[in-house]
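Okay, here's what each chain looks like letter by letter:
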Amino acid sequence: MYLAVNIKETSITIDNIDNTILLFGKFDDNIKIIENAFNIHVINRDENIRIIGLPEDVDKGEAAIKRLLDLIKSKEEITEQTVNYIVELVKNGEEKSVEQIIGDTICVTAKGKPIKTKTAGQRKYVESVKKNDLVFAIGPAGTGKTYLAIAMAVAFLRSKRVSRIILTRPAVEAGEKLGFLPGDLQEKINPYLRPLYDALCDILGMETFQKYMENGVIEVAPLAYMRGRTLDDCFIILDEAQNTTPEQMKMLLTRFGFGSRVVVTGDITQIDLGRDKESGLKQVTHILKGIKGIDFIYLTDRDVVRHRLVMEIIRAYERYFKEKVEEPKREG
């Protein structure tokens with residue numbers, strides 16, 4: 001005796017062949033992600049897309065496809081990460097929040113590529129930077145914290161809302177001793193600042209970046225170089241802030257002056273300070289909470305815009321450490 005299975009079939013009409021191509025992706029990769037995620041079968045027939053599977057699965061697959069079509073119609077770039085993000089939202093019943101990632105271009109790179117937010121968390125982050133003088137962006141690797149901050153800084157500079165960009169990082173020794181690295185002090189420090197150089201070169205182009213560095217429009221320096229200065233009319237970015245001491249954090253936050261904007265980025269799960277040292281970033285979340293003009297944005301693994309495996313790796317580590325914390329409780 002066989003049980004009758006209630007199979008559902010629905011269809012979506014797409015009147016633009018280019019939209020269909022963008023939806024399916026190269027080698028149908030986008031649709032394969034959706035099929036595997038919801039255990040459905042998707043067939044393209046002329047102007048119609050047929051979705052076949054169990055009723056609940058078909059409904060979720062249809063919702064994911066419609067949200068992707070909304071993004072395509074809004075001229076948003078569709079990548080594997082975008083599809084996985086939409087799938088995640090649909091699984092959690094949050095597909096309506098897709099509208100929150102449809103935003104304006106922050107700025108355009110030297111190669112003409114528009115920089116836009118790709119998740120609801122990123123959109124909230126960018127909007128906060130527009131509105132507040134001091135923003136803390138806290139979240140795991142791959143969420144675009146630094147890159148978006150630099151993109152915003154370039155947008156502020158191009159619109160003459162600031163006259164300079166200052167990017168800084170604490171030079172914390174993570175496994176290597178600075179004294180054993182070759183070269184003079186600047187050469188020893190440069191590896192810590194390389195991610196900032198790379199992002200600036202990508203957005204501005206090498207020639208413009210070098211020109212701005214030479215005439216002082218852009219300054220990239222270790223955090224220690226900020227002591228004793230007052231920074232007016234600047235867009236200041238403190239990156240890797242989880243590795244600042246409380247004293248360093250206070251020093252930086254009391255440097256910025258009139259007409260300046262400050263963005264502090266960090267990941268409190270990747271602190272390289274010694275066990276006996278408190279992170280200035282962790283401390284400041286308690287000290288400055290609730291002050292007008294200061295905002296804290298918390299990005300999560302769902303905002304990761306790198307390879308899909310980065311999100312899975314972050315979640316695996318979170319589960320591992322959560323289980324380690326809970327083990328003593330179970331034993332007790």
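Residues numbered from 1 in each chain as written. Predicted model: local features only at pLDDT ≥ 70, side-chain atom pairs only at ≥ 80, totals over all residues. Heavy atoms only, no water.

Enquirer: Would you take a moment to explain the sheet that holds strand β3 (residues 48-53) for this structure?
Expert: Read across the open sheet, the three strands follow the order β1-β3-β2; overall the sheet is antiparallel. Every other strand in the sheet has two partners, leaving β1 (8-13) and β2 (41-45) as the edge strands with one partner each. Each strand of the sheet is rotated relative to its neighbour by a mean of 20°, with strand direction disregarded. Contacts between helix α3 (residues 55-73) and the sheet are confined to β1, β2 and β3, with β1 contributing the most and set at about 10° to the helix. (Pairing = 2+ DSSP bridges. Helix = DSSP H or I, 4+ residues; strand = E, 2+ residues; numbered from the N terminus. Axes fitted to C-alpha atoms, helices over the stretch in contact; angles between N-to-C directions. Contact = heavy atoms within 4.5 Å.)

Enquirer: How should I be thinking about the packing of aromatic side chains in this particular structure?
Expert: Across all of its chains, the model carries three aromatic pairs by this definition. Relative to F296, the ring of F136 lies with its centre 4.6 Å away and its plane at 10°, an arrangement referred to as stacked. Here F296 lies in strand β11 (residues 294-298) and F136 lies in strand β6 (residues 134-138), a separation of 160 residues in the sequence. Comparing F136 with F296 shows no difference in burial state: the two are buried. (Phe/Tyr/Trp six-rings, centres within 6.5 Å; stacked < 30°, edge-to-face > 60°. Buried < 20%, exposed > 50% of the residue type's maximum accessible area, 1.4 Å probe, protein only.)

Enquirer: Help me understand a nonpolar patch on the surface, please; the structure alone is not making it clear to me.
Expert: A cluster of nonpolar side chains, L309, I313 and Y317, forms an exposed patch at the surface whose accessible area comes to about 320 Å². Tracing the backbone through its elements, the reader meets Y317 in helix α11 (residues 308-331). The exposure class assigned to Y317 is exposed, which follows from its relative accessible area of 52%. (Patch = residues over 30% accessible without salt bridge, like charges linked within 9 Å, V, L, I, M, F, W, Y side chains within 5 Å. Areas by Shrake-Rupley, 256 points an atom, 1.4 Å probe, with all protein chains shown as cover. Salt bridge = Lys/Arg side-chain N within 4 Å of Asp/Glu carboxyl O.)

Enquirer: How should the layout of surface pockets be read in this particular structure?
Expert: Unoccupied space between atoms shows up once a probe the size of one water molecule is rolled over them. Its volume calculated, the largest pocket comes out at about 940 Å³. Of all the elements in the fold, those that place two or more residues in the lining of the largest pocket are β5 (114-115), α6 (145-158), α7 (185-204) and β10 (261-266). Ranked by the residues each element gives to the lining of the largest pocket, the list is headed by α6, at four residues. Taken together, the residues of the lining of the largest pocket break down into ten nonpolar, 13 polar and 14 charged. (1 Å grid on protein atoms, 1.4 Å probe; cavity = no way out; pocket = protein on both sides within 12 Å on 5 of 7 lines; lining within 4 Å. Points joined across faces, edges and corners; volume = space filled by probe spheres on them. Nonpolar A, V, L, I, M, F, W, Y, C, P; charged D, E, K, R; others polar.)

Enquirer: How should the confidence of the model for the protein chain be read in this particular structure?
Expert: Regions with low pLDDT should not have their predicted coordinates read in detail. Of the residues in the protein chain, 86% have a pLDDT of 70 or more, and the chain-wide mean is 84. By mean pLDDT, α11 is the weakest element of the protein chain at 67, and β6 is the strongest at 97. The low-confidence segment residues 173-181 (pLDDT under 50) makes eleven contacts with residues lying over four places distant or belonging to another chain. (pLDDT = per-residue confidence, 0-100.)

Enquirer: How should I be thinking about the environment of V135 in this particular structure?
Expert: Along the chain, V135 turns up in strand β6. Sequence spacing of V135 and D295 is 160 residues, and the spatial spacing of their C-alpha atoms is 4.9 Å.

Enquirer: Explain the packing of helix α2 (residues 29-38) against α3 here, please?
Expert: As a packed pair, α2 and α3 sit with axes 9 Å apart at the nearest point and diverge in direction by 155°. When the interaxial angle is binned, α2 and α3 end up roughly antiparallel. Between α2 and α3 lies a crossing of right-handed hand. Along the contact surface, α2 presents I31, I34 and F38, while α3 presents D57, K60, G61, A64, I65 and L68. Residue composition of the contact of α2 with α3, grouped by class: six nonpolar, one polar and two charged. (Parallel < 35°, antiparallel > 145°, perpendicular 65-115°, else oblique. Left-handed = near helix turned anticlockwise from the far one by under 90°.)

Enquirer: I tried to follow the environment of V304 on my own but got confused; where do I start?
Expert: When you line up the elements, V304 lands in the loop between β11 and α11. Through-space distance from the C-alpha of V304 to that of Q81 is 8.3 Å; in sequence the pair is 223 residues apart.

Enquirer: Just to check I follow, could you spell out the environment of K124 for this structure?
Expert: Summarising the element assignment, K124 is placed in helix α5 (residues 120-131). On the accessibility criterion, K124 (56% relative accessible area) is exposed. Taking the C-alpha atoms as reference, K124 lies 9.4 Å from L299; in sequence the two are 175 residues apart.

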